[in-house]
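# Structural overview
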Amino acid sequence: MSMKLDEVMRDLPTRTGRAVAHYWKTRVGQKERQQQTGKADQGLRSAVTGGAQMDGFIGLLKDLTSAAGVPEQCVFSKKAVELPGFFRPTKEWDLLVVRDKKLFAAIEAKSQVGPSFGNNFNNRTEEAMGSALDIWTAFREHAYLASPQPFVGYIFMLEDCDASNRPVRVQEPHFRVFPEFVDASYLRRYEVFCRKLVLERHYTAAAFISSTAEDGIHGRFSTPAEDLSVERFARALTAHLAAFA
């Protein structure tokens, strides 16, 4: 491990905390601006459509790619983030690493806040599974030319609140659901989901953290499961990139 990468890894909890604080501060700022202008954007939907909340996490990912030896001009976010799909023409990713016409990494960074978790949970899970199916099928069909197998990553932050921790009943009119979902809260459901994304090799690595609105604005967060920690995700990503850097 290079000295620069070692330094970034040692400082990872602090850097993650900054990303969490940026998320909540940006969300609060967006809501206040929309209320002042009279454009409420259908209430709390502003928390979803703002688009800049996850910029702190993107910055953290850029620090990791740089520490792994990837030149800055090979890392893309906000612009030039489209990849060809198999079931659709293109898909925009939150961060790409492309060097010499080879795709090395594609990463999604997503989040969800309350008070409504039900429909949004279904939307988030279907979106993540669809993106994985699309990119791996396109890779199989040589859409990314002579690229080696890319790192496909998924980072998710969930609001830690009463609604996300409350047990949720499942409907079983015909068949039994898998036992890990019985009376599982949305926080638990997301943990299971992220783990299964990796176990089934839809994503190379996934990170899952949670934070309350009150503590998150000060950079505090929780890691519900160590196998889904930001540190483990970072080690997997940098090891993959370092092999080609």
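Residues numbered from 1 in each chain as written. Predicted model: local features only at pLDDT ≥ 70, side-chain atom pairs only at ≥ 80, totals over all residues. Heavy atoms only, no water.

### A closer look at helix 9 (residues 230-242)
Relative to the 18 Å expected for 13 residues at 1.5 Å per residue, helix 9 spans 18 Å between its end C-alpha atoms, a close match to the ideal helical length. All buried positions along helix 9 are accounted for by V230, F233, A234, L237, T238, H240 and L241. Across the axial projection of helix 9, the buried residues extend over an arc of 160°, all falling on one side. (Helix = DSSP H or I, 4+ residues; strand = E, 2+ residues; numbered from the N terminus. Expected span 1.5 Å × (residues − 1). Buried < 20%, exposed > 50% of the residue type's maximum accessible area, 1.4 Å probe, protein only. Arc of directions from axis to C-beta.)

### Description of the packing of aromatic side chains
Centre-to-centre distance and the angle between the planes together describe a pair of aromatic rings. Taken as a whole and assessed by the stated rule, the structure comprises 14 aromatic pairs. Here F121 and Y190 contribute two aromatic rings whose centre-to-centre distance is 4.9 Å and whose plane-to-plane angle is 75°, an arrangement assigned as edge-to-face. You can see F121 sitting in helix 5 (residues 118-140) and its partner Y190 sitting in helix 7 (residues 186-199), a full 69 residues away along the chain. No difference in accessibility class separates F121 from Y190, as the two residues are buried. Through a chain of ring-to-ring contacts, three or more aromatic side chains come together here, namely F117, F121, Y154, F156, Y186, Y190, F193, Y203 and F208. Residue placement shows R140 over the ring face of F86; its charged tip is 5.9 Å from the ring centre. (Phe/Tyr/Trp six-rings, centres within 6.5 Å; stacked < 30°, edge-to-face > 60°. Lys NZ or Arg CZ within 6 Å of the ring centre and 35° of its normal.)

### Re the packing of helix 4 (residues 55-67) against helix 9
Running from amino to carboxyl end, helix 4 crosses helix 9 at an angle of 40°, the nearest separation of the two axes being 9 Å. Here helix 4 lies oblique to helix 9, going by the angle between them. In this structure, helix 4 crosses over helix 9, and the sense of that crossing is right-handed. Between helix 4, through L60, L61, L64 and T65, and helix 9, the contact on the second element is made entirely by V230, F233, A234, L237, T238 and L241. Of the residues belonging to the contact of helix 4 with helix 9, the class tally is eight nonpolar, two polar and no charged. (Axes fitted to C-alpha atoms, helices over the stretch in contact; angles between N-to-C directions. Parallel < 35°, antiparallel > 145°, perpendicular 65-115°, else oblique. Left-handed = near helix turned anticlockwise from the far one by under 90°. Contact = heavy atoms within 4.5 Å. Nonpolar A, V, L, I, M, F, W, Y, C, P; charged D, E, K, R; others polar.)

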